[in-house]
Amino acid sequence: QIKEMKNDPTGKVVVGLPHRVAMGLCVPLVKKFRERLPNALISVVEGLSLSLRDGLINGRIDIGLLFDPAPTPLLKYETLLRERLMLVAPASVSLPKQISLQMLKDFPMVLPSSPNPIRNLVDAVLLPRKIDLNIIAEVGAVNSALSLVETSMACSILPESALNLREITHKVSYSPIGPPAMWNQLILAIPASRPINRLTVETTQILRELDFRMDSNK
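What you see is a predicted model, and the numbers here were worked out from it, not measured in a lab. (Residues numbered from 1 in each chain as written. Predicted model: local features only at pLDDT ≥ 70, side-chain atom pairs only at ≥ 80, totals over all residues. Heavy atoms only, no water.)

1. Re the overall build of the protein chain
Reasoning step 1: Tallying secondary structure elements over the protein chain gives 7 helices and 9 strands in all.
Reasoning step 2: Its C-alpha atoms give the protein chain principal-axis dimensions of about 65 × 35 × 25 Å.
Reasoning step 3: Here the protein chain, with 218 residues, has 44% of them falling under the buried criterion.
Reasoning step 4: For the protein chain, the share of sequence-separated contacts (at least 6 apart) that also reach a separation of at least 24 residues comes to 78%.
Reasoning step 5: Across the protein chain, 25 positive and 20 negative side-chain charges occur, with their mean positions spaced 3 Å apart. (Helix = DSSP H or I, 4+ residues; strand = E, 2+ residues; numbered from the N terminus. Buried < 20%, exposed > 50% of the residue type's maximum accessible area, 1.4 Å probe, protein only. Contact = heavy atoms within 4.5 Å. Lys, Arg positive; Asp, Glu negative; His and termini not counted. Charge placed at Lys NZ, Arg CZ, Asp CG, Glu CD.)

See the structure below:
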């Protein structure tokens, strides 16, 4: 341990990233890791937040970024980003500056299927208010929903960073939802009981420093 404190950390750290986050952040993460920790190895695992959460609990992943994970005493959570959910429509649709919850019923929707964190969040807000959406299709991921919006097939409810990542803001129109607003949270998660070594500490700090707006223009 004394040697580790004096020298650059060695060993391997496994970082779990949701697919949408990995598309925008995998390159800057690995680049910064190589600059700061040249003697260590980073292994990036991509997946859905639910499977990444299981990997953290089961010991397959050391550090994870998760969207709106369910609470558990087995993991420590730190919020890195809160972003508002938007109604996203084909570019031909003229939207008001803000969309009330009741107005959402008027749009044909394609949404990620549960247990996607965005779908869980939408259901948690709308179901108690007895607001039934006109859902014409369910898909497995945010990018698939966005593709269907681009083809003018339906609208969707997505975080703003999803639009930045695909560089398609000229192909869609969008407006914030609320009040009340719906917020998507990106959480940094580490196991609560597993010993944390210096490599994990330094990798966690690198993750905190990244630009989580996930804008591919940067």
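2. A short note on the confidence of the model for the protein chain
Reasoning step 1: Averaged over all residues, the pLDDT of the protein chain equals 88, while 91% of them reach at least 70.
Reasoning step 2: The element-level mean pLDDT for the protein chain is lowest in helix H1 (residues 2–6), coming to 48, with strand E2 (residues 40–47) highest at 96. (pLDDT = per-residue confidence, 0-100.)

3. Here we look at the nonpolar core
Reasoning step 1: Within the largest apolar cluster, 34 residues are counted, with the highest numbers of intra-cluster contacts made by Leu87, Leu104, Ile157 and Met182.
Reasoning step 2: Counting residues per element, the ones that place at least two in this core are strand E4 (75–90), strand E5 (108–112), helix H4 (117–126), helix H5 (142–150), strand E7 (156–159) and helix H6 (160–166).
Reasoning step 3: Every residue in contact with Met182, bar those within four places of it in the chain, is listed here: Glu83, Arg84, Leu85, Leu101, Leu104, Leu121, Val122, Val125 and Ile177. (Core = buried A, V, L, I, M, F, W, Y, C linked by side-chain atoms within 4.5 Å.)

4. Observations regarding the environment of Arg208
Reasoning step 1: As for its position among the elements, Arg208 is in helix H7 (residues 198–209).
Reasoning step 2: Relative accessible area serves as the criterion here: at 36%, Arg208 is assigned to the partly exposed category.
Reasoning step 3: The spacing of Arg208 and Leu188 is 20 residues in sequence and 8.3 Å in space, taken between C-alpha atoms.
Reasoning step 4: Ignoring any residue separated from it by four or fewer positions in sequence, one finds Arg208 in contact with Glu78, Leu80 and Leu188.

5. Side note on the side chain of Thr204
Reasoning step 1: Position of Thr204 among the secondary structure elements: in helix H7.
Reasoning step 2: Overall, the relative accessible area of 7% leaves Thr204 in the buried class.
Reasoning step 3: Non-local contacts of Thr204, meaning those with residues more than four positions away in its chain, are made with Ile63, Leu188 and Ile190.

6. A word on the packing of helix H2 (residues 19–36) against H7
Reasoning step 1: Following both chains from N to C, one finds H2 and H7 inclined at 135 degrees, their axes separated by 10 Å at the closest point. By the angle class used here, H2 and H7 are oblique. Between H2 and H7 the crossing geometry is right-handed. Of H7, the residues touching H2 (which contributes Leu29, Lys32, Phe33 and Arg36) are Leu199, Glu202, Thr203, Gln205, Ile206, Leu207 and Glu209.
Reasoning step 2: Split into classes, the residues belonging to the contact of H2 with H7 amount to 5 nonpolar, 2 polar and 4 charged. (Axes fitted to C-alpha atoms, helices over the stretch in contact; angles between N-to-C directions. Parallel < 35°, antiparallel > 145°, perpendicular 65-115°, else oblique. Left-handed = near helix turned anticlockwise from the far one by under 90°. Nonpolar A, V, L, I, M, F, W, Y, C, P; charged D, E, K, R; others polar.)

7. What to know about H2
Reasoning step 1: The terminal C-alpha atoms of H2, which comprises 18 residues, lie 24 Å apart, in line with the 26 Å expected from a rise of 1.5 Å per residue.
Reasoning step 2: Of the positions making up H2, those classed as buried are Arg20, Val21, Ala22, Leu25, Leu29 and Phe33. (Expected span 1.5 Å × (residues − 1).)

8. Side note on H7
Owing to its 3.6 residues per turn, the α-helix brings residues three or four apart onto one side.
Reasoning step 1: Its 12 residues give H7 an end-to-end C-alpha distance of 17 Å, which sits within 8% of 16 Å, the value for a rise of 1.5 Å per residue.
Reasoning step 2: When H7 is considered as a whole, its buried residues turn out to be Leu199, Thr200, Thr203, Thr204, Ile206 and Leu207. Taken around the axis of H7, the buried residues stretch over an arc of 160 degrees, which confines them to a single face. (Arc of directions from axis to C-beta.)

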